Amino acid sequence: MRSHTGRGTAATAMALDTAHRGHLLAAFHGLLGAATLFLCLLAELLVFATRRHAALHLIPVCAILLLRRFLRRASAADTWLVDFACLKPPRRLRIPVAALLEHLHLIGCFDAGSVEFMAKVIEGSGMGNETYFPAPLHHIPPTSTHAAAVEEARALFFPALDDLFARTGVPPSRVGALVVNCSGFCPAPSLAAIIVARYRMRDDVRTFNLSGMGCAAGAVGVDVARGVMAAHAGVRYAVVVSAEIVTVGWYSGRDQGKLLLNCYFRTGCSAALVTNSNNNHGGARYRLVSLTRTNQSASDRSYRSGYREEDDEGVTGFTLGQGVGRMVSELLRAHLVALSPALLPLREKLRYVLLSLSSSSSQQRRRDDNKSLPTVPPMPDFRAAADHFCLSSSGRPMIWRLGQGLGLGEREMEAALMTFHRFGNQSAASLWYQLAYLEAKGRVRPGDTVWQLGVGSGLKANSLVWERVGDADVQRAMAGPWADCIHNYPVTET
């Protein structure tokens, strides 16, 4: 009892110390702003009183603008990724493809046509024999209950967070914000509340529960965490947890449009610790270079491209709409237009401008010659935008389509293809498993940039670009979910 009280007192003191530092820093910025404004007004009065040249009025104006820029940068400091952790589920939850197909026959809720359809999709998706299902779905029949889903959430969150806190040395008591991404399961109390209760977090911790965001939720979670840290001076650390509760996402009907989720989604969870404190980032491993979000939910076609609904028999499932591939291509083009100015290096921008001018001249000459040959518009080389790429893991066909839309080769798509082969689609968490793959391969070096691109329902496309700032840690990289199998990858047949 005494040790528990001591830990609670220490945690409270630490939280108060963090809050005091934040308030003192905010007070200093306010005092600096007031002092600078006073001096600028005094300088303006002196210019008027001494009837100096009008150009001198620019000096105090420039001083105010510089102060505003400084305070903005100070209040919205860089976001740093301290570390991240990815869950490797226990081997007893492994579900080889052959065992899965047999299981689908035995559970009795699918007819022969539905099983045959899922078999074709799985065998053509590039999925391997080492993915995992939650324990309730191993039962015959599956136990898709609320209680089972809550237990799955605990089995996902707690090992991943235990690993994260052990890696970083940052205790839960110092976490000021918690963001949990889970598209299809929203219990009460919330998933975030389950974590707060387990780790006895601070009374003033800001918690957020995001649902329905799909594979694009990771960037949304980081954006929310960044905003909270910028808005609240006492918040120096935030945790972003991404997972999909497959127990309740399982579809037991016969609508083929809804059976795809059964084919692709598997168990997994990631947890990332981010900070915006210049005093804390000494041990950080990545710096956030860019965060870009594109949302096309205002378009009816885009909004209906993926949605949950009941089938004719009243069974709820997730449906992919008609022409979703084409709409993803349109979304990607819009997203790249917003992302390119900040991401592409100057040499690639100049090359693209020259190619565009050349293409326009060629089209004009063809029109003058009355030729109507189709022309392919030039595209920037997005391989110059980052050193490494993490893409939405929605099966080999979609990964290839997404990668080719960016002009990537198989080497750039390797992390996404191998993550899907080894772990399946884990929604927003897949992007972190891909980063773990790149680290386990020893490819991410200091100064390298990593582009995480997620596409989710809505439709929405979100990008995070990280720069590696910490030194390569081979032991740490080899302790992740790829520890016992990285030597087997890449596989030649996916």
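This text follows the structure it describes.
Anyway, here's the lowdown on the structure attached to this text. (Residues numbered from 1 in each chain as written. Predicted model: local features only at pLDDT ≥ 70, side-chain atom pairs only at ≥ 80, totals over all residues. Heavy atoms only, no water.)

### Description of the overall build of the chain
Along the backbone of the chain there are 16 helices and 11 strands. Counting only residues that meet the buried cut, the chain has 50% of its 494 residues in that class. Once local pairs closer than 6 in sequence are excluded, the contacts in the chain between residues at least 24 apart make up 79%. On the chain, roughly 23,600 Å² of surface is accessible, and the fraction owed to carbon and sulfur atoms is 57%. (Helix = DSSP H or I, 4+ residues; strand = E, 2+ residues; numbered from the N terminus. Buried < 20%, exposed > 50% of the residue type's maximum accessible area, 1.4 Å probe, protein only. Contact = heavy atoms within 4.5 Å. Areas by Shrake-Rupley, 256 points an atom, 1.4 Å probe, with all protein chains shown as cover.)

### Points about the packing of aromatic side chains
Evaluation of the coordinates by the stated rule reveals 14 aromatic pairs. Here phenylalanine 165 and tyrosine 199 contribute two aromatic rings whose centre-to-centre distance is 5.4 Å and whose plane-to-plane angle is 70°, an arrangement assigned as edge-to-face. Of this pair, phenylalanine 165 sits in helix α5 (residues 146-168) while tyrosine 199 is found in helix α6 (residues 191-199), placing the two residues 34 residues apart along the sequence. Classification of phenylalanine 165 as buried rests on a relative accessible area of 9%. A centroid spacing of 5.2 Å and a plane angle of 90° characterise the contact between phenylalanine 423 and tryptophan 482, whose relative ring orientation is edge-to-face. Separated by 59 residues along the polypeptide, phenylalanine 423 in helix α14 (residues 410-423) and tryptophan 482 in the segment after α16 (474-477) bring together distant segments of the chain. In this pair, the class of phenylalanine 423 matches that of tryptophan 482, namely buried. (Phe/Tyr/Trp six-rings, centres within 6.5 Å; stacked < 30°, edge-to-face > 60°.)

### Brief notes about the pairing of strand β11 (residues 460-468)
When you tally the buried positions in β11, you get eight out of nine residues, the bulk of the element. Relative to β11, strand β6 (residues 286-295) runs antiparallel, the two being bridged by nine bridges. Counterpart to arginine 293 in the pairing with β11 is asparagine 462. Pairing between strand β10 (residues 449-456) and β11: eight bridges, direction antiparallel. Directly across from glycine 454, in β11, lies its bridge partner asparagine 462. Linking β10 back to β11 in an antiparallel pair, the connection comprises three residues, with glycine 458 at a positive phi of about 140°. (Pairing = 2+ DSSP bridges.)

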